[in-house]
Amino acid sequence: MNGRVLILSDTHLGRPEAAARSAQALRPLWQRVDHLVLNGDVAEVHHPVHRGAAARQVVALQEMCEEDGVAVTMLSGNHDPYLSDRRHLHLCQGRVFVTHGDVMHPSIAPWSPSAEKIRTVYELAMAKIRPELRGDLEQRLAAAQHAAHAEWAYLEKAPPKSTALEVLKRPWIIPMVLAYWRRIPHLAVEFAAQMVPEARFIILGHTHRHGIWKIADRVVINTGSYGFPGKPRAVLIDGGEMTVWPIVFDGQTYHTAANPLARFDVTRGSAERLPQGHPVVA
């Protein structure tokens, strides 16, 4: 993947709230880049109520990128598990690993009302894999993809209420989410050490918790979400430099902020910041 690469995630297109406004509103973000990577939960194509609008937004986004001369790669997430068969990318000669992040936990989203059902499907999928292949990256990702799809059946029978209503009905999910937010950077590093040991930068979405964490010799970057808590990020890779940018909304469209949050040299295969970089916090 050559040229300037922009990575976004968790746009949740097609959903009327807690999502990016529209594909058109996102359009300024991919100007002056060569390749756009959408790292999962691109659109609500899994949802029985929203999938029509979601599908139209995906088509609109692809058409706009084609008009703008920008190549698009979509990785599937747990809200769009079969939007694409691609579940990960290796960039910068393997030093940068990109995946949505739902593979990090067997329940995909442990706070979900259907978490137990999802975990059961995941464990059954893993049990069908030959023991010698259970440590294979593609097999693990495929099992997570299959498990995420299991949520479709749950939604078809009982489409969920609003997020706020779900929290009121199940207040215990708040500490569950907070605990998982703390765990996920460490789970990502453990996953990388086992599955992609050459990777020094792991780029995720999924949890909606934006942030940049340096753990041992790796950096974990979560690009947040356009819904709660509402601080989306963009990762730009340009040659040997990788920058992380806040995304701001002007009421109509999304833009990157004037200055990056952090700047890294990915050519060294190390997680050291460039001297002019900002602190590794977000």
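Relevant structure appears above.
So, here is what we can say about the structure in this document. (Residues numbered from 1 in each chain as written. Predicted model: local features only at pLDDT ≥ 70, side-chain atom pairs only at ≥ 80, totals over all residues. Heavy atoms only, no water.)

## Let's talk about the overall build of the protein
Moving on, step 1. The helix and strand tally for the protein stands at six helices and twelve strands.
Moving on, step 2. Across the 282 residues of the protein, 55% fall into the buried class.
Moving on, step 3. Considering only contacts in the protein between residues 6 or more positions apart, those separated by 24 or more positions represent 63%.
Moving on, step 4. For the protein, the exposed surface amounts to about 12,600 Å²; the carbon and sulfur share of it is 53%. (Helix = DSSP H or I, 4+ residues; strand = E, 2+ residues; numbered from the N terminus. Buried < 20%, exposed > 50% of the residue type's maximum accessible area, 1.4 Å probe, protein only. Contact = heavy atoms within 4.5 Å. Areas by Shrake-Rupley, 256 points an atom, 1.4 Å probe, with all protein chains shown as cover.)

## Concerning the sheet that holds strand E7 (residues 211-215)
Moving on, step 1. What the five strands build is an open sheet, ordered E4-E5-E6-E8-E7; its pairing is mixed. The open sheet has two edge strands, strand E4 (88-91) and E7, and neither has a second partner. Neighbouring strand axes in the sheet, compared pairwise and without regard to direction, differ in orientation by 15° on average. (Pairing = 2+ DSSP bridges. Axes fitted to C-alpha atoms, helices over the stretch in contact; angles between N-to-C directions.)

## Here's the deal with the side chain of His12
Moving on, step 1. Relative to the assigned elements, His12 resides in the loop between strand E1 (5-8) and helix H1 (23-26).
Moving on, step 2. Residue class for His12 comes out buried when judged on its relative accessible area of 1%.
Moving on, step 3. There is a polar contact of 2.6 Å between the side chain of His12 and the side chain of Glu44.
Moving on, step 4. Once you skip the residues sitting within four places of it in the chain, His12 turns out to touch Ala18, Ala19, Asp41, Val42, Ala43, Glu44, His79, His208 and Ser225. (Polar contact = N/O pair within 3.5 Å; in protein donor to acceptor, adjacent residues only side chain to side chain.)

## Focus: the environment of Arg263
Moving on, step 1. Within the element layout of this structure, Arg263 appears in strand E12 (residues 262-265).
Moving on, step 2. Given a relative accessible area of 17%, Arg263 falls into the buried group.
Moving on, step 3. Here the alpha-carbon distance between Arg263 and Met242, two residues 21 residues apart in the chain, equals 5.7 Å.

## Considering the packing of aromatic side chains
Moving on, step 1. For the structure shown, the criterion picks out five aromatic pairs.
Moving on, step 2. Centre to centre, the rings of Tyr226 and Tyr254 are 5.2 Å apart; their planes meet at 90°, and the pair counts as edge-to-face. Of this pair, Tyr226 sits in the loop between strand E8 (218-222) and strand E9 (233-238) while Tyr254 sits in strand E11 (residues 254-256), placing them 28 residues apart in sequence.
Moving on, step 3. A relative accessible area of 9% places Tyr226 in the buried class. (Phe/Tyr/Trp six-rings, centres within 6.5 Å; stacked < 30°, edge-to-face > 60°.)

## Re unusual backbone geometry
Glycine aside, the phi torsion of most residues is negative, and most peptide linkages are trans.
Moving on, step 1. Look at Cys92: it is not a glycine, yet its phi comes out positive at around 55°.
Moving on, step 2. Secondary-structure assignment places Cys92 in the loop between E4 and strand E5 (96-99).
Moving on, step 3. With a phi close to 75°, His206 is a non-glycine residue in the positive phi region.
Moving on, step 4. Overall, His206 belongs to the buried group, its relative accessible area being 4%.

## Quick notes on the layout of surface pockets
Moving on, step 1. Taken as a whole, the second largest pocket spans an internal volume of roughly 220 Å³.
Moving on, step 2. In this structure, the second largest pocket is lined by Arg4, Leu6, Pro28, Leu29, Gln31, Arg32, Val33, Leu236, Trp245, Tyr254, His255 and Thr256.
Moving on, step 3. Counted by class, the lining of the second largest pocket contains seven nonpolar, three polar and two charged residues. (1 Å grid on protein atoms, 1.4 Å probe; cavity = no way out; pocket = protein on both sides within 12 Å on 5 of 7 lines; lining within 4 Å. Points joined across faces, edges and corners; volume = space filled by probe spheres on them. Nonpolar A, V, L, I, M, F, W, Y, C, P; charged D, E, K, R; others polar.)

## Description of the side chain of Arg27
Moving on, step 1. Within the fold, Arg27 resides in the loop between H1 and strand E2 (35-39).
Moving on, step 2. Judged by relative accessible area, Arg27 falls into the buried class, the value being 18%.
Moving on, step 3. Among residues more than four places away in sequence, those in contact with Arg27 are Met64, Glu67 and Asp68.

Purely geometric stuff here, so don't read any function into it on its own.
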